[in-house]
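# Notes for the structure review
The lines below spell out each chain.
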Amino acid sequence: MANIPQRIIHEYLRHDKKFPHVWCAGCSNGIVLGAIIRAIASLNLDRDDIVMVSGIGCSSRMPVYVDFNTLHSLHGRSIAYATGVKMHKPNLKVIVVTGDGDCTAIGGNHLIHAARRNIDLKVILINNNIYGMTGGQCSPTTPHDAIATTAPYGNIEPDFNVCNLAMGAGASFVARTTAFHVLEMQSIIKDALEHPGFSITEVISACPVIYGRLNKKGGAPQMMKDFRDNSIPLAAVDKLPPEKVEGKIVRGILRREIRPEYSSEYTSLVKRVQASGGE
Amino acid sequence: MPKKEINSKAAPKPKKDQTTLAVKPESKLEEIQSSRERKNVLMQGNEAVAYGALDAGVNFFAGYPITPSTEVAEILANELPKRGGVFIQMEDEIASICAITGASLAGAKALTATSGPGFSLMQEGIGFAKITETPCVVVNVQRMGPSTGMPTSPAQGDIMQAKWGSHGDSPAIVLYPASVKESYELTIRAVNLSEKYRTCVILLLDEVIGHMREAVRLPDMANVRVINRIKPTVPPNWYKHYDENQKYLSPLASYGEGYRFHVTGLTHDSHGFPTNKSGEAGDMMERLRKKISYNMRDLVQIESYQMEDAKIAIFTAGITARAAKAAIAMARHEGIKVGLLRPLTIWPFPDDAVRKMLRNVETVIVPELNQGQLIHEIQRLTKDKSESNLIPLQRVNGQLITPNDILRKIKEVS
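Fair warning: this is a prediction, and the values are worked out from it, not measured in the lab. (Residues numbered from 1 in each chain as written. Chains lettered and ligands numbered in written order. Predicted model: local features only at pLDDT ≥ 70, side-chain atom pairs only at ≥ 80, totals over all residues.)

### Considerations on the sheet that holds strand 16 (residues 390–394) of chain B
All names here are of chain B. Taken in spatial order, the five strands line up as 11-13-12-15-16 in an open sheet, and their pairing is mixed. What marks the edges here is a single partner per strand, and that holds for strand 11 (302–305) and strand 16. Here the average twist between neighbouring strands, direction ignored, is 20°. Examined bridge by bridge, strand 12 (residues 312–315) and strand 15 (residues 363–368) share three bridges and lie parallel to one another. By the bridge assignment for strand 15, I312 is matched with T363. (Pairing = 2+ DSSP bridges. Helix = DSSP H or I, 4+ residues; strand = E, 2+ residues; numbered from the N terminus. Axes fitted to C-alpha atoms, helices over the stretch in contact; angles between N-to-C directions.)

What follows is the structure, given as structure tokens:
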């Protein structure tokens, strides 16, 4: 090991126990994990105070690899488990790592209600447009006309715009980025971690082995190039003619508002009730 | 919060109380608590569950409204904030079981209350709490099913679901009170057992017990035995989340204490990390089984009522056991020797006590508000006896089995 440079991520991984990881070559999940770790390191957060909660799916395998308090929960239920953790110990920084199927299909109800409550959970939704772990079924974010094993003749369903969904439900911090824009992702996650309220960061990611092959996306490097070429920063949207924005991935912090946060509101309620003697 | 009436006839207020009350009691509940053992209080089974939960140290409740269990949530919504505990109404019952499990992993004593449809929704989460050995309590105030059924009518149809509801083998601890007082006591016991055995403990109430009002004397807090989970004493890098050296009762760290453990619903090794090795998978399953089956003496609680000379035994639980007691009084008046064996712990099933009963009596009557659940457990233990000695008495129409129904059956077989 003497000549191998140590990176920040190595300090945070459970390298002695749980590697090699389960992700395929070319998968974006590791890129997102790296960005999360670097964002945490840049904030000097105490890792004893970080809880990483996930559901079921490829992205949800992330917690086992990192040396935080980690909870790999049930399919779709990560936000509900995280709500319990956060409400009992509001001082903990609770990060939820989830995927498009986990968070917007089976877990959609928990997503909208956590957003509505504005509970301080940091949701990082890795959107690869497909159920990867089960082998390529259609998800709520599989684009119209795309191929999946359960949409072999093309998907006839419209897809969710995850950020609009979260904003509609009242999320106070909503951002989107892609796995190609690593530094931007790291910076957005850092902002999300510091936001006092519910945050959701959608990371458009590549599943070259399943989604890519089914839809002839040309492999991991090509999918990354597509993210570069088919996305525009939010700041540029107003300056471009509408036809150049149509169909592009808009990147950046789409909403950042300060609103009363649920666990703090509850703490205030307790103080108020206790001061009034329960009247 | 429903009003509490103080039965002053049964327990005249001692003068001493005047001084305690003068210090501006914060609520009816605290008023009761200022001298509980001397006061008869009229309360519902659901209220007794809520007070039992508070006395056992429950400081986290997540739930969803459902008849006939809603009073538990309403009382705790009122009481928990006063004690610095958390009450949260979740978006559904699935979220409720998940939230209490998450809170428990962060160190809370957590409980939820529901009824049939919600209990069905919680099953996957109950399995998760069991495989991850996370303490929590689910109160199921049973109503008639299947499906929406009769929300305000009693049934005892969830006895098997309480054990087998979640997929896979998952040994269960399920308690079953027969009175308001016992609802209070068994709620405390459920919380204690969940902490001690690190599992999801289920408390089954009958709808009529949840909503029935009885006079209860709560014990003074000094006489309430509260068990808390064992905390690890080793440094974090020595900590095993499932320590197989600890006789199946292993210490439990909480999130935020420096232990940074991993929890997964996947089959895991003793550190909590997922495994596909058959040896480790087998060990995990054996651990879940043995922590129940090696502690039967601690877990099983039964009431044996007038069984000493009984030729006929009635085996039943909950509200039906109360009808049975009335029937026994009437039958004995007519000289029929009949007794009652009643499980307070319904799972693990009290095999030994039932075997002993089967040796000593000629006939067993099993009244139950379902189409046959408890009776199959008795049948399992009666291989050497003729089936004609095992008499079912079943009803599922929203009505209770009455003492007269049972008396008629006793007379038929005696």
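### Some remarks on the environment of V94 of chain A
Residues and elements named next belong to chain A. In this fold, V94 is placed in strand 3 (residues 93–99). Considering only alpha carbons, one finds V94 and I8, 86 residues apart in sequence, at a separation of 21 Å. Filtering out sequence-adjacent residues up to four positions away, V94 remains in contact with V51, V53, A82, V85, K86, L121 and K122. (Contact = placed C-beta atoms within 7 Å.)

### A closer look at the interface of chain B and chain A
Note on interface size: it is often stated as the accessible area lost on association of the parts. With 39 residues of chain B in contact, the opposing surface of chain A contributes 37 residues. Of all the elements in the fold, those that place two or more residues in the side of chain B that touches chain A are strand 3 (60–63), strand 4 (86–89), helix 5 (93–105), helix 6 (116–131) and strand 10 (262–264) of chain B. It is helix 5 of chain B that provides the largest number of residues to the side of chain B that touches chain A, a total of nine residues. Along the lines of polarity and charge, the residues of the side of chain B that touches chain A split into 21 nonpolar, eleven polar and seven charged. Inspection of the sheet shows strand 2 (residues 69–72) of chain A paired to strand 10 of chain B by three bridges, in the parallel sense. Bridge pairing in strand 10 of chain B places L71 of chain A opposite V263 of chain B. (Nonpolar A, V, L, I, M, F, W, Y, C, P; charged D, E, K, R; others polar.)

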